[in-house]
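One letter stands for each residue in the lines below.
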Amino acid sequence: MAFVFLVADLSIQHANLELSENLGRHRTDGFKNANALVVRRGAPFKISVQLKGRPFNPRTDSLRIKVILGRLYVEMPVTFSTKHSSSRWNAYIDPNNLNFQKLSIFIYSPASVSVGCYTFQLSVSTQDGQKSTVVGDFIMLCNPWCSEDAVYIPFEDQREEYILSDSGLLFMGTPMNLVSRPWSFDLYEPGVLEACLDLLKVSPQHQKNKRKDYLNRGNPVYISRVVSAMINSEDDRGVLKGNWTDDFKQGVSPSKWTGSKDILRMWAQSGYSPVKYGQCWVFAAVMCTVMRVLGIPCRVVTNFNSAHDTNANLVVEEYYSETGQKLNRSQDSIWNFHLWVECWMTRRDLGPDMDGWQVLDPTPQERSGGVFCCGPAPVKGIRNKRTDLIYDIPFIYAAVNADVHTIILSSQDQVVGFSKDTEKVGSLICTKAIGYPRVQNITGDYKYIKSPTSTLSSRSSTISNNSTLRRATAPEGVLVSLTLNKSPASGEPISFLVKAVNKQKIPKVVKVHLNAQAKEYNHSPSETFWEKHGVIQLAPMEVKVVQEHILPAQYEHVMENSLINLAVILEDMATHKRVLASEEFNIASPELIIQVADEDSIVPNKQLTATVTFTNSFSRPVSGLLTVAGAGLIAGKKQFRMPSLRPGGKASQSITLTPSMAGVKMLQASISLSDTNTIRCFKMISVNSV
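Here's a quick rundown of the structure. (Residues numbered from 1 in each chain as written. Predicted model: local features only at pLDDT ≥ 70, side-chain atom pairs only at ≥ 80, totals over all residues. Heavy atoms only, no water.)

## Re the overall build of the protein chain
Along its length, the protein chain carries twelve helices and 41 strands. Referenced to the eigenvectors of the C-alpha coordinate spread, the extents of the protein chain come out at roughly 110 × 60 × 40 Å. Counting across all 690 residues of the protein chain, residues that qualify as buried make up 56%. Of the contacts made within the protein chain by residues no fewer than 6 positions apart, 67% connect residues no fewer than 24 positions apart. (Helix = DSSP H or I, 4+ residues; strand = E, 2+ residues; numbered from the N terminus. Buried < 20%, exposed > 50% of the residue type's maximum accessible area, 1.4 Å probe, protein only. Contact = heavy atoms within 4.5 Å.)

Structure below.
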């Protein structure tokens, strides 16, 4: 919007911010409904100025532009020269359109200017001192298309994925049974851009010293660190309140969120009160939204078996009872998965060797510089253990590299077994692939891989004469391994093999303890829900394989915990030394499918029909609530009650969609069942330009 102040025989009648042309040139088309023109730094944007009275006379009249950010400003003359310094603001009249009654003016910003909401004043002055001014607003974002910008990323498919894409996948579960959780980043939904800019304004840095904050906002290192702290609410008026209990009565369970829009709008509309509640994937996904909106390339990353090493010794201890029950004894912890984000930028503060992806973790775990934030930590620095560099490399390095010491305790708390695992932590680090709804393994970016990365479904240890648990390469003792026959799926038995190997030339009698516990991704397991005990005899050098099953009726009642810790302990009856093998895994959800009619002819503003079908693979009847959402496809959410469905039964629901804009959009469907986890699915829908 532009306001005009008039004088004399030469004045500005009105100014046109040329929204369509500028939004297209700056790749900000999605922000067409914003309160101001949205542009990217390091590239010119156009203003058309209609003059009233006589035409503009270049010999006697002059044009000047003042650009204002808070109390900072810069003034410049409007010239006829297109040659300009890339390090300074410039303004020039389009030489290809010399209509002195209607001027086309380009305003150019350096690629290092601050992100924020600007005001411009364009004034025309005559020789005798008469003056007319027009005032307008624009929003400045970072520009990954500009090679001089610190966030420049070289390939178009990267920019499409990490800047423009408003949906994605968050990977959860376990490496053997990945869960692809759909998430709508909602970049272009009403109120989201404004909330992201408000986040910078509400930050402690801005409130403490507005001038300093505005000056620093040209640096993506500074911006990303501010955002990392502002996504959580531990130190400030941040966006999300964390909650890792089972009590979400005062807010929304983290598992219920499907996108960033509701969270950011709720936060802004409440006067910047924290939204309840978030856990790691919610913190990371909302931060990804903010960074992409601000123009900084960003992706969500999952670290499977993520260590929280509280004493910084790069060791995490896990404890088991002598019958295979995992115990809650350690101050350290391993989350089955943990999500953070990576942002792409040059690190002029560290040197070109540290350019590229930077880890930022908005989940409040440890303080950095006295504040609950983390990063930016260069991934190259993590890989090379550059713990001397800023920011927070030791913390992230431990999260992906710590060793696991497994300790078996007797009923008198005596150590009766010990093993060391150097591969479990950070066993898979991944993100969404560019342009496709599938996983991309980036483990090699974080650590040097000793052998080709593979997803193992078994772990093994040995008992030797010195009671140390070792790998299968030990020359003597008893070896045990635990192998799942296949990735467990809802409604099917959990089938697994226990293999016991006598590595010695004497017979052995061995006690076998099998134990299964339900657990959440970030907690120690709860009580045992299934166990089995027995004795086997092993002849000298004998290998014995036992097939075991846990039936659906035995595990379905604990599925809301989503993960299972399964352990086997062998006890040598002669020496009373123990060996353990364990596996933590999730159960694949029942099938939920979205189908769309006439997929090849989908265009904006034309209705289409989608059908969601659920198949009940549980061994019991279920009922629940179906929710369907999709930014750019549906306004808000649609919900449908699903009646009780017998085992093996199917239910379908048709939904009418009306796409609002071209591009690849994500349609999400979820069923919240009354007695178990929410089941989710998604479908990518290509909306063609008319």
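What follows continues from the structure just given.
## Topic: unusual backbone geometry
Excluding glycine, residues mostly have negative phi values, and the peptide bonds linking residues are mostly trans. Of the consecutive residues Lys276 and Tyr277, the connecting peptide bond is found in the cis state with omega at 10°. Within the element layout of this structure, Tyr277 appears in strand S14 (residues 275-278). Each neighbour pair has its own omega, and for Gly375 with Pro376 the value is 5°, a cis peptide bond. Mapped onto the secondary structure, Pro376 falls in the loop between strand S21 (371-372) and strand S22 (377-378). For Asp413, which is not glycine, the phi torsion reads 65° and is therefore positive. Note that Asp413 resides in the loop between strand S23 (403-409) and strand S24 (415-421). For Asp413, a relative accessible area of 43% translates into the label partly exposed. For His576, which is not a glycine, the phi torsion comes out positive at approximately 60°.

## So, the sheet that holds strand S35 (residues 592-596)
Read from one edge to the other, the open sheet built from three strands follows the order S35-S36-S39, with strand pairing classed as antiparallel. Strands with a single pairing partner mark the edges of an open sheet, and in this sheet they are S35 and strand S39 (650-657). Adjacent strand axes in the sheet meet at a mean angle of 20°, parallel and antiparallel pairs treated alike. One ladder, built from five bridges, connects S35 with strand S36 (residues 608-615); its direction is antiparallel. Considered in S36, the bridge of Ile593 is made with Thr613. (Pairing = 2+ DSSP bridges. Axes fitted to C-alpha atoms, helices over the stretch in contact; angles between N-to-C directions.)

## Here we look at the nonpolar core
Nonpolar side chains in soluble globular proteins generally cluster together in the buried interior. Core analysis: the largest hydrophobic core is formed by 71 residues, its most contacted members being Trp183, Val227 and Trp281. Top contributing element to this core by residue count: helix H8 (residues 280-294), with 13 residues. Each residue touching Val227, except ones within four places of it in the same chain, is listed here: Leu199, Leu200, Met287, Val290, Met291 and Leu294. The next biggest cluster of nonpolar side chains, apart from the first, holds 56 residues, and it includes Val480, Val596, Leu645 and Ala669. (Core = buried A, V, L, I, M, F, W, Y, C linked by side-chain atoms within 4.5 Å.)

## Thoughts on the pattern of salt bridges
Applying the stated rule across the entire model yields 35 salt bridges. The closest approach of N and O atoms between Glu189 and Lys261, which form a salt bridge, is 3.8 Å. Here the residue Glu189 occupies a position in the loop between strand S12 (177-184) and helix H3 (192-202), and Lys261 occupies one in helix H7 (residues 261-269), the gap between them amounting to 72 residues. As far as the burial class goes, Glu189 and Lys261 line up, both buried. (Salt bridge = Lys/Arg side-chain N within 4 Å of Asp/Glu carboxyl O.)

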